[in-house]
Amino acid sequence: MALKSEGMRYLTVIFFWLLCSTPVLLAQQTDPDFMRSMGKMYVVVGVIAAIFLGLIVFLFTIEKRLTKLENQIKEHE
Amino acid sequence: MIQKNWWKGLGVVILIYVFVSGLLVPLKPGITGVSPGSAKTGDVLSVAVEGYNSFFLKGAATQKAWLKLNNEYLLEAQELEVLDDRHLNAVFTIPAFLPVSGKVQDVALILDNAIDGPSVLPSAVFITQDSIQPERGQREWPVVTPPDLHVIRSFAFPFRNILAESIRNTYFHVPLWFAMIFLFLASIVHSIKYLRSGDPRADHRASAFTSGGIFYGLLGVVTGAIWAKNTWGAYWSWDVKQNMTAIALLIYFAYFILRGLFEDPEQRARISAVYNIFAFSLLIPLIYIIPRLTDSLHPGAGGNPALGGEDLDNTMRMVFYPAIIGWTLLGFWMVNLLYRIKDLDFKYLNAKSNR
């Protein structure tokens, strides 16, 4: 149990580190000329990537709430 | 199972259609640039034109080019040299005087051939003159006689000069806002339900729909900022549309702060239901009315609704309307998961930790 929650905590840190660093990395590697090449197609790619990241964040929060609820119900029993 | 959850599958199928057609349908041909962009009266001007999705080689036999001034004058290219499908040179002999009483005048470039159909670049070339003699200019410039432009019926999205491929964001950024409104509307319905019945499950739904709406609103802001960086030059331009959506979202954030303030679940549910109705009644003027009353950089703002006229043609409507339905159904699915957790929480742990 303790191991599990500790592993979860590490995962959380890694996940948020990835989440925060991805846009920064993108911003460093992609100058506007790249984003605007191919008729600004990469702007569409960036928008879809942002929505995808948002859905991952949603999954992550719902996972956390469910785990908390499961643990609480287990304690009650 | 299927009888209860068919709408989730429908949402996924619609979104797959939106992604496939929204990304694969090509754009109509357009003009991305000309050089040089300026000329003097009396010049023999040779402009290098860069096309987009164009077939200049295939259409070379019927290729024509014009410079158009103020919808009144139309100067045809005297010589055209097609280099490849995306590049051609057009030579114009510009008359000695402009037909207008100004030193500088912008003219649009129009291309047309049998394969691509017509394409326009507004303000393609700026023509300057030293002495102003509009009467002579009016005699020298050929008056518009509508040319026979080719009408091409193809399944393609329109090419807009500033937007180019990013016009596809109409299926990924814009529907998020429509879906957000539907989620907030559903939230209001459940808030009113709660105020009438006092059923805690209605409160859970209202709160979950509000979270879903805020989630879509934040995604809308982020996707809009990515697009704005590459279109307006900055992630945040303090444009009226951006500012008003930021205020609207802050008002909704306060909904959750308000919920956090009350220990008693009934008091929390009642007050937040009333606040929810208040927040929605502010949302509509903030994002639909105020941006249209003033000037805004945003497409569709500043007086003209985005759904009208040339901003959205019939090809785009075939993807845009399903996109709204698809993203809305996906939002309802996410909210569905949220309030089921809240219901369970309430049932087993009696509302103590249920915010």
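You'll find the structure just up there.
The structure displayed is predicted, hence computed values, not measured ones.

Enquirer: Kindly report on unusual backbone geometry, identifying the contributing residues and their values.
Expert: Residue and element names in this part refer to chain B. The linkage connecting Ser35 with the following residue, Pro36, adopts the cis geometry, with an omega of 0°. By secondary structure assignment, the location of Pro36 is in the loop between strand 1 (30-35) and strand 2 (38-40). Look at Asn71: it is not a glycine, yet its phi comes out positive at around 60°. Within the secondary structure, Asn71 sits in the loop between strand 4 (64-69) and strand 5 (73-76). Owing to a relative accessible area of 59%, Asn71 belongs among the exposed residues under this scheme. Backbone geometry places Trp238, a non-glycine residue, at a positive phi of 55°. Here Trp238 is to be found in the loop between helix 4 (200-231) and helix 5 (240-261). By relative accessible area, which is 66% here, Trp238 ends up exposed.

Enquirer: Describe the interface of chain B and chain A, naming the residues involved and giving the relevant values.
Expert: In many reports, interface size means the accessible area that the parts give up when they come together. Facing the 34 residues of chain B at the interface are 24 residues of chain A. Between chain B and chain A, the buried area comes to about 2,600 Å², and carbon and sulfur atoms account for 78% of it. Counting the surface chain B buries against chain A, the share from its top three residues, Asn230, Ile341 and Leu349 of chain B, is 24%. At the junction of chain B and chain A, the tally comes to zero salt bridges. For the interface between chain B and chain A, the tally reads two residue pairs in polar contact (both at pLDDT 80 or more). By residue number, the principal contributor to the side of chain B that touches chain A is helix 7 (residues 314-349) of chain B, which donates 11 residues. A per-class count over the side of chain B that touches chain A returns 22 nonpolar, seven polar and five charged.

Enquirer: So what's going on with the environment of Gly30 of chain B? Which residues, and what values?
Expert: Residue and element names in this part refer to chain B. With respect to the helices and strands, the residue Gly30 is situated in strand 1. When the C-alpha positions of Gly30 and Tyr17 are compared, they lie 26 Å apart, and in sequence the two are 13 residues distant. Apart from residues lying up to four places away in sequence, Gly30 is in contact with Glu50, Gly51, Tyr52, Ser119 and Phe159.

Enquirer: Give me the environment of Val189 of chain B: which residues, what numbers.
Expert: All names here are of chain B. For Val189, the position within the fold is in helix 3 (residues 174-197). Overall, the relative accessible area of 46% leaves Val189 in the partly exposed class. When the C-alpha positions of Val189 and Ala206 are compared, they lie 7.7 Å apart, and in sequence the two are 17 residues distant.

Enquirer: Tell me about the packing of helix 3 of chain B against helix 6 (residues 265-293) of chain B, and please be specific about residues and values.
Expert: How two helices sit against one another is set out by the angle between their axes and by the gap between those axes. All names here are of chain B. For the pair helix 3 and helix 6, interaxial distance at closest approach is 9 Å and the crossing angle is 145°. The handedness of the crossing between helix 3 and helix 6 is left-handed. The residues of helix 6 that touch helix 3, namely those facing Met180, Ile181, Phe184, Leu185, Ser187, Ile188, Ser191, Ile192, Tyr194 and Leu195, are Glu266, Ala269, Arg270, Ala273, Val274, Asn276, Ile277, Phe280, Leu283, Ile284, Ile287 and Tyr288. For the contact of helix 3 with helix 6, the class distribution of residues is 17 nonpolar, three polar and two charged.

Enquirer: Explain a nonpolar patch on the surface to me, and be specific about the residues and the numbers.
Expert: All names here are of chain A. A cluster of nonpolar side chains, Tyr10, Ile14, Trp17 and Leu18, forms an exposed patch at the surface whose accessible area comes to about 490 Å². By the secondary structure assignment, Ile14 is in helix 1 (residues 2-29). Under the relative-accessibility criterion, Ile14 is labelled partly exposed at 47%.

Enquirer: Pulling in residues and values, what's your account of the sheet that holds strand 7 (residues 87-93) of chain B?
Expert: Residue and element names in this part refer to chain B. Spatially, 1-3-7-6 is the arrangement adopted by the four strands of the open sheet, whose pairing is antiparallel. Of all strands in the sheet, those bounded by a partner on one side alone are strand 1 and strand 6 (79-84). Strand-to-strand twist across the sheet, computed as the mean angle between neighbouring axes with direction ignored, equals 25°. Where strand 3 (residues 44-52) and strand 7 come together, seven bridges link them in antiparallel fashion. Paired with Leu45 across the strands is Phe92, a residue of strand 7.

Enquirer: Let's hear about the pairing of strand 6 of chain B: which residues, and what values?
Expert: Residues and elements named next belong to chain B. In terms of strand pairing, strand 6 meets strand 7 through five bridges, oriented antiparallel. Pairing of Glu81 across the sheet is with Asn89, part of strand 7. Where strand 6 folds back onto strand 7 in an antiparallel hairpin, the turn is made up of two residues.

What counts and how
Per chain, residues are indexed from 1 in the order of the written sequence. Just so you know, chain letters begin at A and ligand numbers begin at 1, following the order they were written in. Where local features are concerned, this predicted model is filtered to residues with pLDDT of at least 70; where side-chain atom pairs are given and counted, the filter is 80 or more; whole-chain, interface and lining totals use all residues. For side-chain calculations, the full set of non-hydrogen atoms in the structure is used, while hydrogens and water are omitted. A run of H or I in DSSP becomes a helix once it reaches four residues, and a run of E becomes a strand once it reaches two; helices and strands are each numbered from the N terminus. Think of it in three bands: with a 1.4 Å probe and only protein chains considered, a residue is buried below 20% of the maximum accessible area for its type, exposed above 50%, and partly exposed in between. Only heavy atoms matter for contacts: two residues are in contact if any of them lie within 4.5 Å across the pair. Note: buried area is the sum, over both parts, of the accessible area (probe 1.4 Å) each one loses when the two are combined. We count a salt bridge whenever a side-chain nitrogen from Lys or Arg sits within 4 Å of a carboxyl oxygen from Asp or Glu. Polar contacts, as counted here, are pairs of nitrogen or oxygen atoms within 3.5 Å of one another; within protein the pair requires one atom able to donate a hydrogen and one able to accept it, and residues that are adjacent in sequence qualify only if both atoms are side-chain atoms. Only Asp, Glu, Lys and Arg are considered charged, only Ala, Val, Leu, Ile, Met, Phe, Trp, Tyr, Cys and Pro nonpolar, and every remaining residue, Gly among them, polar. What counts as an axis is a line fitted to C-alpha atoms, over the stretch in contact for a helix, and the angles between N-to-C directions run from 0 to 180 degrees. Take the far helix as your reference; a near helix turned counterclockwise from it by less than a right angle gives a left-handed crossing, and one turned clockwise gives a right-handed crossing. Note on patches: the residues involved have over 30% relative accessible area and no salt bridge, like charges join within 9 Å, and the nonpolar side chains Val, Leu, Ile, Met, Phe, Trp and Tyr join within 5 Å. Areas reported as accessible are Shrake-Rupley estimates using a 1.4 Å probe. Residue values count occlusion only from the protein chains shown. Here, a strand pair is defined by DSSP locating no fewer than two bridges between the strands.

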